[in-house]
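Topology and contacts: notes
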Amino acid sequence: MPSNQLPDPFLVFLTDPILLAGILLPLVILAGLLFFRIRASRRFAALTKQNEERWKESAARTEKMIELLTEIRDHAARIAPNSPGSGTGNP
């Protein structure tokens, strides 16, 4: 067949459904994988940020609780410095 009678490659792709599917299907699969990978990555980033915020809130609550317990201990020591259970007071 002479070269001037060869079909246009673009028309061959459009007219042959097997060839068209064989080329487009892997591209569609790769695009889908990329889309879901980006989506999962964003979701993990959001969860990481949320977890970090919760950790900071938990640390702040723990520090507040320690401060309150220290304040209660100091207040109890001022009220009853020689309590009977401490062993330092008079019977």
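The present account deals with the structure reproduced in this document. (Residues numbered from 1 in each chain as written. Predicted model: local features only at pLDDT ≥ 70, side-chain atom pairs only at ≥ 80, totals over all residues. Heavy atoms only, no water.)

1. Considering the overall build of the protein chain
Just so we agree on the cut-off: Under the DSSP-based scheme used, a helix requires at least four consecutive residues in state H or I and a strand at least two consecutive residues in state E, with every element numbered from the N terminus. The classification of residues rests on relative accessible area computed with a 1.4 Å probe and restricted to protein chains. Under 20% of the type maximum is buried, over 50% is exposed, and intermediate values are partly exposed. To measure how exposed things are, a 1.4 Å probe is used in the Shrake-Rupley method; for residues, cover is taken only from the protein chains shown.
Of the regular secondary structure elements, the protein chain holds two helices and zero strands. Counting across all 91 residues of the protein chain, residues that qualify as buried make up 0%. Working note: accessible area of the protein chain is about 8,600 Å², and carbon and sulfur atoms make up 66% of it.

2. Digging into the packing of aromatic side chains
We apply this condition: Note on ring pairs: Phe, Tyr and Trp rings are taken, using the six-membered ring of Trp, and paired if centres are within 6.5 Å. Classes follow the plane angle, with under 30 degrees stacked, over 60 edge-to-face and the rest tilted.
According to the stated counting rule, one finds one aromatic pair in the structure shown. Considering the side-chain rings of Phe35 and Phe36, the 5.2 Å spacing of their centres and the 75° angle between planes classify their relative orientation as edge-to-face. According to the relative accessible area criterion, Phe36 is partly exposed, its value standing at 49%.

3. Digging into a nonpolar patch on the surface
We apply this condition: Each patch groups residues whose relative accessible area exceeds 30% and which form no salt bridge, using 9 Å between like charges and 5 Å between nonpolar side chains of Val, Leu, Ile, Met, Phe, Trp and Tyr. The term salt bridge refers to a side-chain nitrogen of Lys or Arg lying within 4 Å of a carboxyl oxygen of Asp or Glu.
Taken together, Val12, Phe13, Leu19, Ile23, Leu24, Leu25, Leu27, Val28, Ile29, Leu30 and Leu33 make up a surface patch of nonpolar side chains, about 960 Å² in accessible area. At the level of secondary structure, the elements contributing two or more residues to the nonpolar patch comprise helix H1 (9-15) and helix H2 (17-79). It is H2 that contributes the most residues to the nonpolar patch, nine residues altogether. Mapped onto the elements, Ile23 comes out in helix H2.

4. Remarks on the pattern of salt bridges
Per the counting criterion, the structure on display carries two salt bridges. For Lys56, the salt bridge identified is with Glu52, shortest N-O distance 3.5 Å. Taken together, the residues span about one helical turn, with Lys56 and Glu52 both in helix H2 at a distance of four residues. Relative accessible area serves as the criterion here: at 44%, Glu52 is assigned to the partly exposed category. With a shortest N-O distance of 3.3 Å, Arg73 and Asp74 are connected by a salt bridge.

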